[in-house]
Amino acid sequence: MTKSNKRNTDILDHRVVYNEQIVRGARVTELNGSQSQNNAIGRQYNHSYVIRLEGIYNADKIAFIEDYQENNSHVLQIAQIRKHHFKTDIYCGDTEVKS
């Protein structure tokens, strides 16, 4: 999901509107263990994932389609986006662990 650039005509309306895009063929890897999470993204989450996409993408939020359709508020925090030659890696997690 990315934030919409469309301006609202009401100056008192500060709601953020998101554009949704379903991307098929993503390769999702769960990062298990605190050391692997620290090495990859420098933070620890309850559940963290690396989502690898073919092509160049931008995102402000990430959600898995089954979870999002059941509960629209279940989105993942993006910790980092890495763009490579025709490939995008998105590192995201549920809830950040504070120690």
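Up top is the structure these notes are about.
Residues numbered from 1 in each chain as written. Predicted model: local features only at pLDDT ≥ 70, side-chain atom pairs only at ≥ 80, totals over all residues. Heavy atoms only, no water.

Novice: Please clarify how the overall build of the protein should be interpreted in this entry.
Specialist: Regarding its fold elements, the protein presents 2 helices and 6 strands. When the elements of the protein are put in sequence order from the N terminus, they spell out β-β-β-α-β-α-β-β. Taken along its principal axes, the extent of the C-alpha atoms in the protein is 50 × 35 × 25 Å. Taking all 99 residues of the protein together, 23% fall into the buried category. (Helix = DSSP H or I, 4+ residues; strand = E, 2+ residues; numbered from the N terminus. Buried < 20%, exposed > 50% of the residue type's maximum accessible area, 1.4 Å probe, protein only.)

Novice: What am I meant to see in the environment of Lys 3 here?
Specialist: Along the chain, the position of Lys 3 falls in strand E1 (residues 2-3). Sequence separation of Lys 3 and Phe 86 is 83 residues, and the distance between their C-alpha atoms is 23 Å. If sequence neighbours within four positions are ignored, Lys 3 has contacts with Val 16, Val 17, Tyr 18, Asn 19 and Asp 60. (Contact = heavy atoms within 4.5 Å.)

Novice: Just to check I follow, could you spell out the side chain of Thr 88 for this structure?
Specialist: Within the fold, Thr 88 resides in strand E6 (residues 87-93). Judged by its relative accessible area of 0%, Thr 88 falls in the buried class. Engagement of the side chain of Thr 88 in a polar contact is seen with the backbone nitrogen of Tyr 57, the distance being 3.1 Å. Ignoring sequence-local partners within four residues, the contact set of Thr 88 consists of Ile 51, Arg 52, Leu 53, Gly 55, Ile 56, Tyr 57, Ile 81, Arg 82 and Lys 83. (Polar contact = N/O pair within 3.5 Å; in protein donor to acceptor, adjacent residues only side chain to side chain.)

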